Amino acid sequence: MAFMNWDEKYAVKNLEMDNQHKKLIVLVNQLHDAMKPGKGKEEIGNVLKSLAEYTVSHFTAEEKMMRSIQFDNFDAHKVEHTKLLEQVTGLINRFENGETLPVMEVMNFLKKWLVDHIMKEDMKYSTVAQPA
């Protein structure tokens with residue numbers, strides 16, 4: 001059973017962004033699976049890095065799209081992206097320094113952030129974004 005599932009209520013009506021959000025959910029689920037007891041530290045590290053790298057790629061694409069539609073709330077939205085990247089980088093650093101990450105705390109943080117960000121912030125551009 002997946003930790004997190006895509007729901008059409010998350011759709012921002014931009015195919016590229018929706019597909020990228022779906023991929024982020026897949027990566028969150030992969031991290032959840034990797035953090036289960038018995039999984040190796042290397043596997044967790046690899047998934048954490050993949051999640052961080054894909055998040056950077058997604059934010060870059062999303063910010064490019066927002067600039068192309070002259071999204072009014074661009075600066076505030078970019079600040080939210082920067083904050084999340086700092087938090088994810090912090091998690092990776094803690095993990096790489098040998099700290100045991102509390103699985104449910106990390107997973108609930110990622111799920112809450114992703115859902116809240118899509119529903120509260122990304123929906124603001126969904127009415128003006130052109131489908132990709």
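As a convention, each chain's residues are numbered from 1 in the sequence order in which they are written. Predicted model: local features are reported for residues with pLDDT of at least 70 only, side-chain atom pairs are reported and counted for 80 or more only, and whole-chain, interface and lining totals are derived from all residues. To get the side-chain values, take all heavy atoms of the structure and skip hydrogens and water.

This next bit is on the packing of helix H2 (residues 41–68) against helix H4 (residues 103–126). As a rule, the C-alpha atoms of each element are fitted with a line to give its axis, helices using only the stretch in contact, and angles between N-to-C directions run from 0 to 180 degrees. Think of it this way: any DSSP run of H or I at least four residues long counts as a helix, any run of E at least two long counts as a strand, and we number them from the N terminus. In the contact formed by H2 and H4, the axes pass within 13 Å of each other and the chain directions differ by 10 degrees. In terms of their interaxial angle, H2 and H4 are classed as roughly parallel. Residue-level inspection shows Leu51, Phe59, Glu62, Met65 and Met66 of H2 in contact with H4, the latter providing Leu110, Trp113, His117, Asp122 and Tyr125. We call two directions roughly parallel when the angle between them is under 35 degrees, roughly antiparallel when it is over 145, roughly perpendicular when it lies between 65 and 115, and oblique otherwise. Here, two residues are considered to be in contact whenever any of their heavy atoms come within 4.5 Å of each other.

Another point: the pattern of salt bridges. In what follows, salt bridge is the name for a side-chain nitrogen of Lys or Arg lying within 4 Å of a carboxyl oxygen of Asp or Glu. With the rule as written, the count across this model stands at seven salt bridges. Between Asp33 and Lys36 there is a salt bridge, with the nearest N and O atoms lying 3.3 Å from each other. Any residue under 20% of the maximum accessible area for its type is buried, any over 50% is exposed, and the rest in between are partly exposed; the area is computed with a 1.4 Å probe on protein chains only. Judged by relative accessible area, Lys36 falls into the partly exposed class, the value being 37%. A salt bridge links Lys49 to Glu96; the shortest N-O distance between them is 3.4 Å. Highlighted residues: Lys49 in helix H2 and Glu96 in helix H3 (residues 74–96), separated in sequence by 47 residues.

Take the confidence of the model for the protein chain next. Confidence per residue, as judged by the predictor, is encoded in pLDDT with a range of 0 to 100. Overall, the prediction assigns the protein chain a mean pLDDT of 90, with 97% of residues at 70 or greater. Looking over the protein chain, one finds the lowest element-wise mean pLDDT in H4, namely 91, and the highest in helix H1 (residues 15–34), namely 94.

Bringing the side chain of His32 into the picture now. Note on placement: His32 falls in helix H1. The exposure class assigned to His32 is buried, which follows from its relative accessible area of 14%. The contact partners of His32, leaving out residues within four places of it in the chain, are Phe3 and Met107.

Here we come to the side chain of His21. Positionally, His21 belongs in helix H1. His21 sits in the buried class, given a relative accessible area of 1%. Looking at His21, its side chain comes within polar contact range of the side chain of His58, at 3.3 Å. In this structure, His21 is in contact with Trp6, Val12, His58, Glu62, Ile118, Asp122 and Tyr125, ignoring residues within four places of it in sequence. Throughout this description, a polar contact denotes any pair of N or O atoms lying within 3.5 Å of each other; where both atoms belong to protein, one of them has to be capable of donating a hydrogen while the other can accept it, and for residues adjacent in sequence the pair is counted only when both atoms sit in side chains.

It is worth spelling out the packing of H2 against H3 at this point. Direction vectors running N to C along H2 and H3 enclose 170 degrees, while the axes themselves pass 11 Å from each other. Between H2 and H3, the crossing angle belongs to the class labelled roughly antiparallel. Note on residue classes: Ala, Val, Leu, Ile, Met, Phe, Trp, Tyr, Cys and Pro are nonpolar, Asp, Glu, Lys and Arg are charged, and everything else, Gly too, is polar. Class assignment of the residues belonging to the contact of H2 with H3 gives a composition of 12 nonpolar, four polar and seven charged.

Here the focus is H3. Taking 1.5 Å of rise per residue, the 23 residues of H3 would be expected to cover 33 Å, and the 33 Å separating its terminal C-alpha atoms lies within 8% of that figure. For H3, every residue scored as buried is listed here: Phe74, His77, His81, Leu84, Val88, Leu91, Ile92 and Phe95. Where H3 is buried, its residues contact H2 and H4. Downstream of H3 by one or two residues, Gly98 has phi in the positive range, about 90 degrees. Expected helix span is given by 1.5 Å per residue-to-residue step, counting one fewer step than there are residues.

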